[in-house]
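Now for the letters of each chain:
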Number of protein chains: 2
Amino acid sequence: MHHIWHNGQYFPVNDFKTSIYDLGLLRAYGLFDYFRTYGGKPFQWDWYWERYENSAKKLGIANIIKKAEAKAVVDQLIELQGGADCAIRFLLTGGYTLDSVSAQQPNLFICSEDLHLTSPNEYEQGIKLISYAYLRDMYDIKSTDYKHFMVLMPQIKSEGASDVLFHHNGLVSEMSRSNVFIVKNGILITPNDGILRGITRRTVMALVKDIYAVEERPVSLEEFLNADEAFTTSTTKGVLAIRQVDEHLIGNGKVGEHTLKIAELFWEFTKKINA
Amino acid sequence: MHHIWHNGQYFPVNDFKTSIYDLGLLRAYGLFDYFRTYGGKPFQWDWYWERYENSAKKLGIANIIKKAEAKAVVDQLIELQGGADCAIRFLLTGGYTLDSVSAQQPNLFICSEDLHLTSPNEYEQGIKLISYAYLRDMYDIKSTDYKHFMVLMPQIKSEGASDVLFHHNGLVSEMSRSNVFIVKNGILITPNDGILRGITRRTVMALVKDIYAVEERPVSLEEFLNADEAFTTSTTKGVLAIRQVDEHLIGNGKVGEHTLKIAELFWEFTKKINA
């Protein structure tokens with residue numbers, strides 16, 4: 001059963017409730033991080049922890065747990081839910097407030113969750129995106145601010161798409177919760193700014209460094225649409241092909257050979273890293 | 001005692017808890033409105049309701065309560081806390097989620113709160129602001145997104161200021177939770193874009209319309225700093241003089257005669273509207 005750790009105690013998820021007087025809810029003053037296990041162990045724990053600490057620092061919320069203690073909590077949550085692969089969420093907020101703007105100390109919630117995986121069909125056919133002009137506010141922080149994506153959800157669904165591709169001043173940045181890559185003439189290209197630096201993105205770049213030339217640089221929307229292949233990387237999606245943006249097919253509209261190869265490298269890595 | 005209304009029931013504030021699996025907390029997908037009573041009755045209820053409905057519509061969250069029912073809840077909350085003047089908060093979120101992105105129905109919380117009023121000293125001397133380049137995301141919606149303000153709080157305090165003045169591309173928009181006006185040569189001027197349209201702003205504009213020329217138009221930061229007087233309007237602040245922005249005094253750095261006159265008009269109005 002999934003549990004939530006809060007203030008040193010573990011609670012079954014359905015039993016746990018909190019005050020609405022939390023700056024995370026009243027003022028959207030919160031951040032999170034989110035990772036999954038492979039083989040029952042946290043994937044790339046060191047890198048996720050580093051990003052979590054960085055978000056806390058940049059958002060000015062004191063991180064109230066040390067790495068070793070957090071890791072013990074994560075291990076305990078994995079065990080409590082039976083050891084099967086799951087997701088782990090860290091949610092750090094500004095804390096309880098009596099005046100709606102100030103708080104004495106942050107609130108940290110750590111919980112295990114079911115994995116919500118991408119369907120086999122989406123891996124086989126690639127996904128469709130809608131494009132939307134927006135630069136995520138404080139994009140280098142994993143804040144809880146997803147309101148533009150939430151507002152776009154009905155449109156994404158009505159257009160038969162899976163997600164949104166954000167662009168700003170002609171440059172592509174990221175999807176709602178994942179990074180993007182394109183392949184052009186056998187070279188891997190990924191935006192270098194306006195993004196949250198994903199851990200799967202980082203993993204993929206490390207895995208392919210001896211096989212592909214990788215360019216981290218500005219990518220225009222036009223260049224994206226004219227790529228040979230495109231794919232996205234995220235904690236839950238792994239490596240997933242993008243076949244279409246709005247009405248534009250990417251390449252021939254099928255999952256490309258390089259995407260397949262990189263996806264295979266990635267999945268192989270997830271199998272062996274904790275084996 | 002303050003209570004929270006949720007799903008048709010009233011709970012003492014301290015007894016009420018909610019799930020952390022709310023899109024308002026996990027995805028900052030929430031909005032609110034906030035008003036106060038004068039003489040034990042809601043001030044400008046119709047206008048606040050209109051704004052609340054507008055925020056819900058623009059953020060794509062279904063408003064799940066009708067105006068008459070909401071008014072009955074508000075009246076009951078005022079009575080439950082003893083009838084003294086108080087604040088009322090509406091908080092509408094995307095709702096409980098099982099997958100962190102979708103929900104079946106929104107969550108609405110309505111509660112009464114203590115008023116956190118401005119100190120007499122601040123009314124007498126006016127307040128200091130720090131300036132900050134930022135345009136509030138979805139500025140015409142009263143979303144819960146105040147993260148920039150929260151991040152700025154330590155700096156505001158360390159500079160002996162009370163709040164922040166946002167500007168973008170050279171134009172002033174608003175403060176963290178209130179609107180701004182300047183007075184120049186006896187004319188009232190207030191930004192017309194990049195702002196949340198405050199109800200106190202609207203009330204003041206209606207009250208002075210036969211006494212002052214009022215210009216709603218772009219206001220540059222330079223024009224703001226060189227104004228004869230400046231003041232802010234908000235639900236809790238009413239009409240409050242701004243004496244300083246960063247190191248620049250506004251006018252002679254004291255509360256101006258027009259500001260005093262307009263504040264008096266406003267406070268008189270709050271006394272007689274529900275008398």
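To be clear, the structure that these remarks concern was listed above.
The shown structure was predicted, so the numbers you read here are calculated from the model rather than taken from an experiment.

Each value, and the rule that gives it
Residues numbered from 1 in each chain as written. Chains lettered and ligands numbered in written order. Predicted model: local features only at pLDDT ≥ 70, side-chain atom pairs only at ≥ 80, totals over all residues. Heavy atoms only, no water. Pairing = 2+ DSSP bridges. Helix = DSSP H or I, 4+ residues; strand = E, 2+ residues; numbered from the N terminus. Contact = heavy atoms within 4.5 Å. Axes fitted to C-alpha atoms, helices over the stretch in contact; angles between N-to-C directions. Buried < 20%, exposed > 50% of the residue type's maximum accessible area, 1.4 Å probe, protein only. Buried area = accessible area lost by both parts, 1.4 Å probe. Salt bridge = Lys/Arg side-chain N within 4 Å of Asp/Glu carboxyl O. Polar contact = N/O pair within 3.5 Å; in protein donor to acceptor, adjacent residues only side chain to side chain. Nonpolar A, V, L, I, M, F, W, Y, C, P; charged D, E, K, R; others polar. Parallel < 35°, antiparallel > 145°, perpendicular 65-115°, else oblique. Left-handed = near helix turned anticlockwise from the far one by under 90°.

With that settled, the discussion passes to the sheet that holds strand β6 (residues 107–113) of chain B. Residue and element names in this part refer to chain B. Read from one edge of the open sheet, six strands run β2-β1-β6-β5-β3-β4, paired in antiparallel fashion. In this open sheet, the two strands that pair with only one neighbour each are β2 (9–12) and β4 (41–42). Running over the sheet, helix α2 (residues 45–59) touches β3 (30–38), β4, β5 (87–93) and β6 and is turned about 175° from β3.

Moving on, we come to the environment of H258 of chain A. All names here are of chain A. Tracing the chain through its elements places H258 in helix α8 (residues 257–273). You can call H258 buried: its relative accessible area is 19%. Ignoring any residue separated from it by four or fewer positions in sequence, one finds H258 in contact with V183, G186, Y212 and E229.

As a further point, take the sheet that holds strand β1 (residues 3–6) of chain A. Residues and elements named next belong to chain A. The six strands are arranged β2-β1-β6-β5-β3-β4 in an open sheet whose pairing can be described as antiparallel. Either end of the sheet is taken by a strand with one partner, and the two such strands are β2 (9–12) and β4 (41–42). Sheet topology places strand β3 (residues 30–38) next to strand β5 (residues 87–93); seven bridges connect them, and they run antiparallel. Looking at the pairing, L31 lines up with L92 of β5. Of the strands in this sheet, β1, β2, β3, β4, β5 and β6 (107–113) touch helix α3 (residues 67–80), which is tilted by about 160° from β1.

Of all the ten residues making up helix α6 (residues 199–208) of chain B, seven are buried; the element is thus mostly covered by neighbouring parts of the structure. For α6 of chain B, the full list of buried residues reads I199, T200, R201, T203, V204, M205 and V208 of chain B.

Residue and element names in this part refer to chain A. By the alternation rule, side chains of β1 split into H3 and W5 and I4 and H6, which are all buried. Pairing geometry for β1 and β2, over four bridges, is antiparallel. Bridge pairing in β2 places W5 opposite Y10. In textbook terms, the turn of a hairpin is the stretch between consecutive antiparallel strands, and for β1 and β2 this stretch comprises two residues, one of which, N7, has a positive phi near 50°. Where β1 meets β6, three bridges bridge the pair, whose relative direction is antiparallel. Counterpart to W5 in the pairing with β6 is I110.

Turning our attention to the interface of chain B and chain A. Interface size is commonly expressed as the accessible area that is lost once the parts come together. Listed per partner, the contact involves 44 residues of chain B and 44 residues of chain A. The contact between chain B and chain A buries some 4000 Å² in all, and 68% of this surface belongs to carbon and sulfur atoms. Area buried by chain B at its contact with chain A is led by L25, R27 and K147 of chain B, which between them contribute 18% of it. For the interface between chain B and chain A, the tally reads four salt bridges. For D137 of chain A, the salt bridge is made with K147 of chain B, and the minimal N-O distance between the two is 3.0 Å. At the boundary of chain B with chain A, the tally comes to 15 residue pairs in polar contact (both at pLDDT 80 or more). Counting residues per element, the ones that place at least two in the side of chain B that touches chain A are α1 (23–26), α2, β5, β6 and α5 (147–158) of chain B. Among the elements that make up the side of chain B that touches chain A, the one with the highest residue count is α5 of chain B (six residues). Looking at side-chain class alone, the side of chain B that touches chain A contains 24 nonpolar, ten polar and ten charged residues.

With respect to the helices and strands, the residue L59 of chain A is situated in helix α2 (residues 45–59). C-alpha separation for the pair L59 of chain A and T93 of chain A, spaced 34 residues apart in sequence, amounts to 9.9 Å.

Turning next to the packing of α2 of chain B against α6 of chain B. A packed helix pair is summarised by two numbers, namely the angle formed by the two axes and the spacing between the axes. Residue and element names in this part refer to chain B. Here α2 crosses α6 at 135°, and the two axes come no closer than 10 Å. By the angle between their directions, the pair α2 and α6 is classed as oblique. Classified by chirality, the crossing of α6 by α2 is right-handed. The segment α2 lies against α6, with W47, Y48, E50 and R51 engaging I199, T200, R202 and T203. Split by residue class, the contact of α2 with α6 holds three nonpolar, two polar and three charged.

All names here are of chain A. In terms of residue burial, strand β10 (residues 179–184) counts as a mostly covered element, since five of its six residues are buried. Looking at chain direction, β10 and strand β13 (residues 229–234) are connected through five bridges and run antiparallel. Bridging across to β13, N179 finds its partner in T233. In this sheet, strand β11 (residues 187–190) lies alongside β10 in antiparallel orientation, the contact comprising three bridges. Bridge pairing in β11 places K184 opposite I187. Where β10 folds back onto β11 in an antiparallel hairpin, the turn is made up of two residues, including N185, whose phi is positive at roughly 50°.

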